[in-house]
Structure formats: structure tokens, C-alpha cells
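# Coordinates in review
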Amino acid sequence: MEKLSKKKKIKWKRALLFGVILLLVIGSILGFTIFRTVSKSVNNMYKPLDIDSKQLLPSVSQDPISILLLGVDERPGDIGRSDTMIVITVNPETETSTMMSIPRDTRAFISSKNTYDKINAAYAYGGVGETAQTIERFLNIPIDYYVKVNMDGFKDIVDAVGGVTVNNPFAFTLEGIHIPEGKQHINGEVALKYVRMRKEDPRGDFGRQQRQREVIDQIINEGSRLNSLVNYKKVLKALEKNVQTNLTFDQMIDIQRSHKNGVKNIKQMEITGEGGKIDNLWYYIVSEETRMKLSNELRKQLNLPIEGPADRTQQT
């Protein structure tokens, strides 16, 4: 019990979002004699990308890593689009991490279509693989791992940990569910509306991203409590049903052990840009100067050489 208590003190919150839900919960419940159950669940979440076999992934024990976190809106009869895109880098040597949310309407080059489009359209064109490659090109960094969460099943994860407590900055109603202003404990159905609302938020997509991070933070908080581990089968079932990743079970455990100090210093990054129309379509437009500055900051975090305008991979 003392060992578990110490684990609860590890300050994972605000760090790896969806990925940490897996790592923290799995790392915690390994203290119980359910190793096979956890391993089986993670194996069912595992889905490698086609490019995984063509590139050498970093050693999670030694090297900085990047993780793409995707919240995908998949509904019956609809291929879906990536509603949430967050790139995370963790450097165990410098004990630093970065967390960058990418606005869904960001104008980016889609290789498979040889054209520019909104960056979240990449998922509709080619799923996780196309999305990862589009973000790699946009930020000029490698994406090592991904964790995809089905946003429609997001409510199952919230309910599995017993709901979450949020502090809503202003009241709003979405799809018949009213969420009042102020601090409140909400269930999965309400949480799904809370993280989806965008049009009534004065900050638009940035406000929604902030609410998404708040809910994930609370999921991690609830999931790390000892009383939540009593329902570990329910938590694992919800994750298994709604999460997909190219991280193996061994890699998750390796990250939980070797990269935990990397989240001691976390820098949250926002992509600044301007809204505008091109060919009658509205985009979030990021200047080349801003894109390169962000790219080099991430490259430095990943121990990659800083590159200039002539080295950029973003199509112009």
C-alpha cells in the first residue's frame, strides 16, 4: 500500500493526456496480480502503422520521444475527422516536455492528395497514418508513436473512473444538455458535450482545447486514485474499446519507468495564426516564420539539428 501511495504522488497530470491515461493506470494497477489481464487489454489496443516497419523507432529507455494524441469523431456511416490533435515530446535527459495543440482548421499540405486542406481532413483521406505524415511534414519532426481515442466513446472512459469534476467558465447548452457555470461533477455524457462545444466559446477551438485538457487532467486524477483501481476491469474495458495505439505493452511500461522525470517541466505551446479564406474555404493560416520557430523548438527538444528555411519540409 505504501508503494502505491508513492506512485499516486507522481505528478503526471497536465502531461501526456490520453497516453498517460494508459501509462498511469496501467503502471498503477501492475501492483496487483493482474499482469496478464492488463497485457491482454493493451494487446487489443495495439495497431501499428504501415510506416512503423520502415523506420527505426527510438529506444524509449534512452531517447526523446514524440507522441501524437488524436481524438477522433467517428460515427456510424462517417469516416470521421480528427477533432483533437496534440503533439507531445518528452526528453528524459533534460527532464522537459512540450505539449502542442494543433487547431483543426490549420492549413497544411496533404501529400496523398497533393494539395492544401484543413489539417484534420488528413484523417478522412488516410486515417492515422496520413494524419501522422501530414503533421510530420507541417512541423518537420518525426512522429514516433500515436494514441487515438474515439471521442464518441470518450464518455465510457469518464464513467469508468466515476465521472470528473470540472470548473465551467460560462454556461452553455449543446444538443439538449445544459451545463451551468461553475464547479461541478459530471458524468460521461455531459463530459462529451463539455469537450465538444466550440461555437459558443469566445476562444473557439482554443477554448475547446483547454476544456479537453481539463477533462483529461481530471480523468487522470480520478484514475490514479486507489478506489478507482477497484474497478480496474471496467477502466481497462473502456480503454480497450475506445483506444488504439502503436505502443506495445513493454514500451508503455518502459516509458512509465524511464520517462517519468521528463514531465517535471512541461511547456504548453499554442500555434498562433490568423483566420482567412482561400478559394472560398476558411482556414487557420500559420505563417512560415511561426511554423519554423515552433518546428525548431520541437526539434531541439527531440535532440535534432535546428534547420533553416532551405531545409524545411512544409510544401510551399
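The structure contained in this document is the topic of the report that follows. The structure presented is a predicted model; accordingly, all values stated were derived computationally and were not measured.

Conventions and cut-offs
- Residue numbers here run from 1 along each chain, matching the order of that chain's written sequence.
- Local features in this predicted model are restricted to residues whose pLDDT is 70 or higher, and side-chain atom pairs enter the listing and the counts only when it is 80 or higher, whereas totals over whole chains, interfaces and linings include all residues.
- The side-chain figures draw on all heavy atoms in the structure; neither hydrogens nor water molecules are used.
- Put simply, DSSP H or I for four residues or longer makes a helix, DSSP E for two residues or longer makes a strand, and each gets a number counted from the N terminus.
- Contacts: residue pairs with any heavy atoms within 4.5 Å of one another.
- By definition here, a helix of n residues has an expected span of 1.5 Å times n minus one.
- Residue exposure (1.4 Å probe, protein chains only): buried if accessible area is under 20% of the type maximum, exposed if over 50%, otherwise partly exposed.
- Ring pairs shown here join Phe, Tyr and Trp side chains whose ring centres sit within 6.5 Å, with only the six-membered ring taken for Trp; geometry is labelled stacked below 30 degrees between planes, edge-to-face above 60, and tilted in between.

### Describing the side chain of Asp117
- Its location among the elements puts Asp117 in strand β5 (residues 115–118).
- Non-local contacts of Asp117, meaning those with residues more than four positions away in its chain, are made with Thr106, Arg107, Ala108, Ile110, Tyr125 and Tyr283.

### Description of unusual backbone geometry
- Not every positive phi belongs to a glycine, and Glu175 is a case in point at roughly 50°.
- Tracing the chain through its elements places Glu175 in the loop between β8 (172–174) and β9 (177–179).
- Even without being a glycine, Asp279 presents a positive backbone phi close to 55°.
- By the element assignment, Asp279 lies in the loop between β13 (274–278) and β14 (281–285).

### Focus: helix α11 (residues 288–301)
- For α11, with 14 residues, the first-to-last C-alpha span of 20 Å sits near the 20 Å given by 1.5 Å per residue.
- What α11 keeps buried is the set Arg291, Met292, Leu294, Ser295, Asn296, Leu298, Arg299 and Gln301.
- Note on α11: the residue one or two positions beyond its end, Asn303, has a positive phi of about 60°.

### Considering the packing of aromatic side chains
- Here the structure, examined in full by the defined rule, presents 3 aromatic pairs.
- Between Phe109 and Tyr116, the ring centres sit 5.5 Å apart and the planes meet at 75°, which makes this aromatic pair edge-to-face.
- Given a relative accessible area of 7%, Phe109 falls into the buried group.
- Ring geometry for Phe172 versus Tyr194: centroids 6.4 Å apart, planes at 20°, classification stacked. With Phe172 in strand β8 and Tyr194 in helix α6 (residues 188–196), this residue pair connects regions lying 22 residues apart in the sequence.

These figures capture arrangement, not role.
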